[in-house]
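Now for the letters of each chain:
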Amino acid sequence: MTTSLVELSLCTPPMPSAAKTFAPQDFLRFFLGGSAWAMLLLIITQETFGAATTWLVIEIARDITEEHVSADGFIAIVITQTVSYLAGAVSWIYAERAGFMAFARYMRHFARHNRYQTALLAESGTREQIEPFLTSETFDICFDLVYNLQFYLRLFFQLLLNSLVLGIQIDTGLPLSFAFVFVVLMTMQWYLRKPLATAFLTNQRMTNRMRARTYNAWDNILTGNRYNFVRWYRDFHHRLSDALTAQIRAILAREGWSALSGVIALVIVLSTTAWVAIQDAGNTPLLIALAATLPRQIEMTLDMHQLTAGLTDMIAVWSRIKGVCEHLYPLPDAHFVERIDFGNLYLKTEEREFRCQTLADAMHYVLAQPVGLIALRGGNGSGKSTLLSALKCQFRGRAFYWPTHDRLCFDFNAAASTLAAAESHHADGEDDEENDPDPLSDESEDASDISAAEESEQKRGYSSGERQLQVLREIVANTDYPIYLLDEWDANLDPSNRAIANALVEQLAQRARVLEISHRDRRRQADDE
C-alpha cells in the first residue's frame, strides 16, 4: 500500500494554537470601523456645541453689565444645546453598533483559529476556563469598553473645549490650571497603573474561578448525595470567599484613588479661579463672567475627577482584555494521542481487520480507499473516541466529525430553537395582556434561560434516538465530505430506527470514507461470547 504526498502532509501535526500570541492592542482592532469613527465624530460635535453654550453664557453675562440684553443670545443657547443633545443621543446608537461588531469579530477570530482543535473537546478543565469568555465575559468587556470610551471621550472633549473658551473669554490661567491638573493626575495614574491592574486582574480571575464552579452545581445538588454535595459546596465556598476578597481589594484601590484625584483637582482649579478674581478685582464684566461660569468650572472639576478616575476603570477593562487575550488560543494537551491504547484498537472492513499501531497507521488506512465503511473496534477505555478526535484534528476540513455527546447546530435543532423563541415571545405577549406588568420593569431572560428553553424545545416531541436519526438524515442530505468520523452514532437507537440509520450510514459509505464507532460491534461481541 503506497502512501501519497497528501497523506504524508496530513501526518504532520498542526501547529498548536498556543504558539500564537494575541495582545490587547490586537483586541482593540475589533472595534475599528465606521461605527466607531461615527461615534467619535458625534462626540466631538456634541461637546463643540456644548462649549459654544459656555461662550454664549459669558457673552450674555457681559451684555448684562452693559445693559443691552436681547433674546437672541438665549435663542442661540437653545439651538446649540439642542444640537449637542441630539448628537449625544445618536452617538450612543453607533456605540452600540461598535460593541456588537467587535464581539462578532472576536467570535469569528476565535472560530477561525481554534476550529480544528478537537483535542480540546474532552478537556473539561480547559473548557471551564474558556467558556465564560465565549458565553458572557467577552461580550461584557466589549460593551464596558465602548461605554467607557463613549463617556470618557465626551468628558475629555468637554474639558478641552470648555477650557479653551474660558481661556479666550476670561483668563489663560484657567485652561493652564486644568492642563496642570490633568498632567499631575495622569502622572500619578501612570505610577499606580500596575498595582491597580493587578488588583482588577486578580478580581477577574477569582470571579471567573468562582463562576466556573457553578457549572456543575446542578449535578451535585440534585443527585441528593451528601458526600458529593459537601465537597462541591466546600470548594464553591472557598472560591466565593477568594472572589469576595479580590473584589473588595479592587474596589478599595479604585475608590481610594478616586477620592485623592478629586481633592487634588478641586484645590488646584479653585485656587486659580480665586487668583484670577483677586488679580482682576476692578474688572466688573470679567468678574461677572467669572461668576456666571463658576458652576461650570466646578462641574469641570468634577469632570476632571471623573475622567482620571475613569482611567482607573479603563485600566480595569484593559486588565480584563488581557484575560480575553490569554484565553483566545487554548493549549491542547500535548499528550493527547498518548491516551490512545494503540495495539488494542482494530480497524475492520468487510474484507479484513487491521490492528492500529499508530495515528499514522489509522490515517493511512482511512485514506487507502476513497469510499467504504470502516468499523473502529476496541475495549472500553482503549481510546476509540480519542482516536476519532485526533483524526479530525489531522484531517481538518476534509472530515466531518460527529462526537458522542454533541451540542452541534443543525437545521433540525435550529428550527426548534426558532420555534422556542417565537413561542416564548407569544407567551410573553399573552402574559402582558393578562397581568399588565410594569413597562419600566427591567426583568428579562438571561442567556442561560434562553439556551435552556431552546434545548427543551429541541427535545420536545422526539426521543433521543429520534433526534439522533433526524440529525443523521441531515448529515447525509446536506453535507459532502470525503471522510466521515461517526462516534457511537447508534447509541440511542431502538431496533426500528436502527435499520433506517444503518441504511443512511451505508449511503454515506457509498460516496465517502466512513470511520465509525458503533454499538452493533459491542452486541456482536456479546453474541459471540
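This section reports on the structure supplied with the text. (Residues numbered from 1 in each chain as written. Predicted model: local features only at pLDDT ≥ 70, side-chain atom pairs only at ≥ 80, totals over all residues. Heavy atoms only, no water.)

## Remarks on the overall build of the chain
And step 1. A tally of regular secondary structure across the chain gives 16 helices and six strands.
And step 2. Per-residue burial over the chain gives 42% buried out of 529 residues.
And step 3. A separation of at least 24 residues holds for 85% of the contacts in the chain among residues at least 6 apart in sequence.
And step 4. Here the chain displays about 28,700 Å² of accessible surface, and carbon together with sulfur accounts for 59% of that area. (Helix = DSSP H or I, 4+ residues; strand = E, 2+ residues; numbered from the N terminus. Buried < 20%, exposed > 50% of the residue type's maximum accessible area, 1.4 Å probe, protein only. Contact = heavy atoms within 4.5 Å. Areas by Shrake-Rupley, 256 points an atom, 1.4 Å probe, with all protein chains shown as cover.)

## A short note on the environment of E137
And step 1. Along the chain, the position of E137 falls in helix 5 (residues 124-169).
And step 2. Those residues in contact with E137, other than ones at most four positions away along the chain, are P132, Q204, N208, R211 and R320.
And step 3. A distance of 3.1 Å separates polar atoms of two side chains, one belonging to E137 and the other to R320. (Polar contact = N/O pair within 3.5 Å; in protein donor to acceptor, adjacent residues only side chain to side chain.)

## Remarks on the sheet that holds strand 5 (residues 483-487)
And step 1. Spatially, 2-1-3-6-5-4 is the arrangement adopted by the six strands of the open sheet, whose pairing is mixed. With partners counted over all chains shown, the strands left at the sheet margins are strand 2 (353-356) and strand 4 (399-402), one partner each. Across the sheet, the mean angle separating the axes of adjacent strands is 20° when strand polarity is ignored.
And step 2. The sheet contact formed by strand 1 (residues 345-348) and strand 2 spans four bridges and is antiparallel. By the bridge assignment, K348 is partnered in strand 2 with E353.
And step 3. Sheet strands touched by helix 14 (residues 464-478): strand 4 and strand 5. Its angle to strand 4, the strand with the most contacts, is close to 175°. (Pairing = 2+ DSSP bridges. Axes fitted to C-alpha atoms, helices over the stretch in contact; angles between N-to-C directions.)

## Considerations on the nonpolar core
And step 1. Ranked by internal contacts, the top residues of the largest apolar core, which has 51 residues, are F27, F31, Y106 and I170.
And step 2. Those elements that provide at least two residues to this core are helix 3 (34-66), helix 4 (71-114), helix 5, helix 6 (173-213), helix 8 (226-279) and helix 9 (284-326).
And step 3. Broken down by element, this core gets its largest block of residues, 14 residues, from helix 5.
And step 4. Those residues in contact with I170 that lie beyond four places of it in its chain are I58, V165, V276, L286, A289, L290 and T293.
And step 5. If you look at the next biggest cluster of nonpolar residues, it comprises 25 residues, including A119, L347, L367 and L388. (Core = buried A, V, L, I, M, F, W, Y, C linked by side-chain atoms within 4.5 Å.)

## Quick notes on the packing of aromatic side chains
And step 1. Applying the stated criterion to the full structure yields 24 aromatic pairs.
And step 2. Each member of the aromatic cluster is reached from another via a ring pair, and the members are W92, F100, F103, Y106, F110, F139, F143 and Y147. (Phe/Tyr/Trp six-rings, centres within 6.5 Å; stacked < 30°, edge-to-face > 60°.)

## Remarks on the environment of G381
And step 1. With respect to the secondary-structure elements, G381 resides in the loop between strand 3 (372-377) and helix 11 (384-395).
And step 2. On a C-alpha basis, the gap between G381 and R339 in space is 9.1 Å, while along the polypeptide they are 42 residues apart.

## Details of a nonpolar patch on the surface
And step 1. Among the surface-exposed residues, W55, F156, L160, L164 and I168 lie close enough to one another that they form a single nonpolar patch of about 460 Å² accessible area.
And step 2. For the nonpolar patch, the element with the highest residue contribution is helix 5, accounting for four residues.
And step 3. Inspection of the secondary structure puts W55 in helix 3. (Patch = residues over 30% accessible without salt bridge, like charges linked within 9 Å, V, L, I, M, F, W, Y side chains within 5 Å. Salt bridge = Lys/Arg side-chain N within 4 Å of Asp/Glu carboxyl O.)

## Topic: the pattern of salt bridges
And step 1. On inspection of all chains with the given rule, the structure shows eleven salt bridges.
And step 2. Of the charged contacts in the structure, one is a salt bridge between E131 and R127, with a shortest N-O distance of 3.0 Å. Of this pair, E131 and R127 both sit in helix 5, four residues apart, which is roughly one turn of the helix.
And step 3. Across the pair D242 and R209 runs a salt bridge, and its minimum N-O distance is 3.6 Å. Remark: R209 occurs in helix 6 and D242 occurs in helix 8; sequence separation between them is 33 residues.
And step 4. Overall, D242 belongs to the partly exposed group, its relative accessible area being 35%.
And step 5. Overlapping salt bridges, with partners in common, bring together E128, R213, D235 and R239 in one network.

## Some words on the pairing of strand 6 (residues 513-517)
And step 1. Strand 6 sits mainly inside the fold: five of its five residues count as buried.
And step 2. Bridge count between strand 3 and strand 6: four bridges; the pairing is parallel. Of the residues in strand 6, the one forming a bridge with A375 is E516.
And step 3. Bridge count for strand 5 against strand 6 is five bridges, and the pairing is parallel. By the bridge assignment for strand 6, L485 is matched with L515.
And step 4. Handedness of the β-α-β unit built from strand 5, helix 15 (residues 495-509) and strand 6 comes out right-handed. (Right-handed = clockwise from strand over helix to strand, strands pointing away.)

## Details of the packing of helix 5 against helix 9
And step 1. Where helix 5 meets helix 9, the closest approach of the two axes is 8 Å, and the angle between their N-to-C directions is 150°. One element, helix 5, and the other, helix 9, form an angle in the roughly antiparallel class. For the pair helix 5 and helix 9, the crossing hand works out as left-handed.
And step 2. Counted by class, the contact of helix 5 with helix 9 contains 17 nonpolar, ten polar and eight charged residues. (Parallel < 35°, antiparallel > 145°, perpendicular 65-115°, else oblique. Left-handed = near helix turned anticlockwise from the far one by under 90°. Nonpolar A, V, L, I, M, F, W, Y, C, P; charged D, E, K, R; others polar.)

## Regarding helix 15
And step 1. Compared with an ideal rise of 1.5 Å per residue, which puts 15 residues at 21 Å, helix 15 spans 21 Å between its outermost C-alpha atoms and is within 8% of the ideal.
And step 2. Buried within helix 15 are the following residues: N497, R498, A501, L504, V505, L508 and A509. For helix 15, the angular spread of buried residues about the axis comes to 145°, placing them on one side.
And step 3. Among the residues of helix 15, the N-terminal cap falls to D494, whose side-chain oxygen and the backbone nitrogen of N497 are separated by 2.9 Å. (Expected span 1.5 Å × (residues − 1). Arc of directions from axis to C-beta.)

By themselves, these figures tell us nothing about what the structure is for.
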